[in-house]
Amino acid sequence: MPTGNGSLVPEFILMGLTDQPALQLPLFFLFLVNYVVTVMGNLSLINLICLNSHLHTPMYFFLFNLSFIDLCYSFVFTPKMLMSFISERNIISFAGCMTQLFFFCFFVNSECYVLTAMAYDRYVAICKPLLYTVTMSRRVCSLLMSGSYMMGFAGAMVLTGCMIRLSFCDSNIINHYMCDFFPLLQLSCSGTYANELVVSIIVGTVVIVSSILIILSYVLILFNVLHMPSSKDWSKALSTCGSHIITVGLFYGFGMLTHVKPSFSWSVDQGKSFSVFCTNVVPMLNPLIYGLRNKDVKLALKKTLKRITN
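Residues numbered from 1 in each chain as written. Predicted model: local features only at pLDDT ≥ 70, side-chain atom pairs only at ≥ 80, totals over all residues. Heavy atoms only, no water.

The strand order across the open sheet built from 3 strands is 2-1-3, with neighbouring strands paired in mixed fashion. Each end of this open sheet is capped by a strand with a single partner; those strands are strand 2 (90-93) and strand 3 (173-174). Of the strand pairs in this sheet, strand 1 (residues 11-14) and strand 3 are connected by 2 bridges, and their pairing is parallel. Looking across to strand 3, one finds that Ile13 is bridged to Ile173. Sitting on the sheet, helix 2 (residues 58-86) is in contact with strand 1 and strand 2, with an inclination near 140 degrees to strand 2. Along the sheet, helix 3 (residues 94-127) makes contact with strand 1, strand 2 and strand 3, crossing strand 2 at roughly 85 degrees. (Pairing = 2+ DSSP bridges. Helix = DSSP H or I, 4+ residues; strand = E, 2+ residues; numbered from the N terminus. Contact = heavy atoms within 4.5 Å. Axes fitted to C-alpha atoms, helices over the stretch in contact; angles between N-to-C directions.)

Okay, structure coming up:
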C-alpha cells in the first residue's frame, strides 16, 4: 500500500560502509572507539564551559554550541552505522530515514552558521577590542545562536520536504551507511531534476554565504594584524584564531568533497569515504583541537580535576 509520500517502499536497507565481511568487525570496534571519544570529548568540553566561570564569554558560548551540535550529530548517524557492521540487514523505516535526513540537514546547516558567528566574534575581538563587550553582549550572542538554529531548521525542512515528495517504487537498498541526498535520489523512480535543483540552491547558498562571511572576517583580521606594531601582538591575535581556522578547514573541506558532485568522477563509494570524515572524524577532532590548543580550556580542566580529587 502506498505511503503518504506516494512511495511503495515502506522501509530501506542501508548497505553500510563496506560489504567485505573481513572488515566488518575491525571497523565496528574502530568506529565504536570513535563514537566513545566523540561523546566523551564533546561532553567534557560542554561541562568545562558550564562549570568554569572564566569560560563564560562569547567565544566559549559559541564553542559550547559547536560541541552541542557535534554531540547531537554523532547520535544521529553512528548508532545506525555501528548496527550495519554487526547485523545482516540494517533496516530503517521510511519515516526513520527522513528523520535522519532532517537532523543531518539541521545540524550541518546550524554548524555552518555557528562557525560564521565564531568568525565574527574573532573579528570583533581583534579589530574592535574596546567595543567587544558591548558588541558581543549576551543578547547579541543569543540572537546569533537563535538565528543559526532557526535558519538551520528552515533549511532542513525544505530539503527534507524535497525528499519526501519523491517516489520509491522498486529498489529499497541505499548504498550508504546513512540516508543522504544522492543515494536517495538515485533510488527514486520519479523525476529528480527539480529536487536536485532545490538541494543545490539551498546547500550552495548556505555554503557560499557562510564562506564569504568567514573569509571576509579573516581578511579584515589579517589587515588589522598587519598594522599591529609588534610581532608579539601578531602572534597573540592569530593564536586566538588558529583553532577556528582548523575547524573551518576540516568542516568545509570534507563537506565540499562529500556533497559537491562532479559529473565526470563522482561515485557513491567516494561519497561514503568522505562522509565518514564529516560525520565521524570532524566531531571527534573539534574538542581535541580546542582543548589541546587552548590555554583557558587546559586551565579549566586542571581546576575541574583539582575539585574532583579534593
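What follows is about helix 7 (residues 193-226). With 34 residues, helix 7 should cover 50 Å at 1.5 Å per step; its first-to-last C-alpha distance of 48 Å lies within 8% of that length. Asn195, Val199, Ile202, Val206, Val207, Ser210, Ile214, Ser217, Tyr218, Ile221 and Val225 are the residues of helix 7 that are buried. (Expected span 1.5 Å × (residues − 1). Buried < 20%, exposed > 50% of the residue type's maximum accessible area, 1.4 Å probe, protein only.)

On to the state of the cysteines. Applying the stated criterion to the full structure yields 2 disulfides. Two residues share a disulfide in this structure: Cys97 and Cys179, whose sulfurs sit 2.0 Å from each other. Here the S-S torsion is close to -130 degrees, and the disulfide linking Cys97 with Cys179 is therefore left-handed. Highlighted residues: Cys97 in helix 3 and Cys179 in the loop between strand 3 and helix 6 (181-187), separated in sequence by 82 residues. Overall, Cys97 belongs to the buried group, its relative accessible area being 0%. (Disulfide = S-S within 2.5 Å.)

Geometry only, nothing functional implied.
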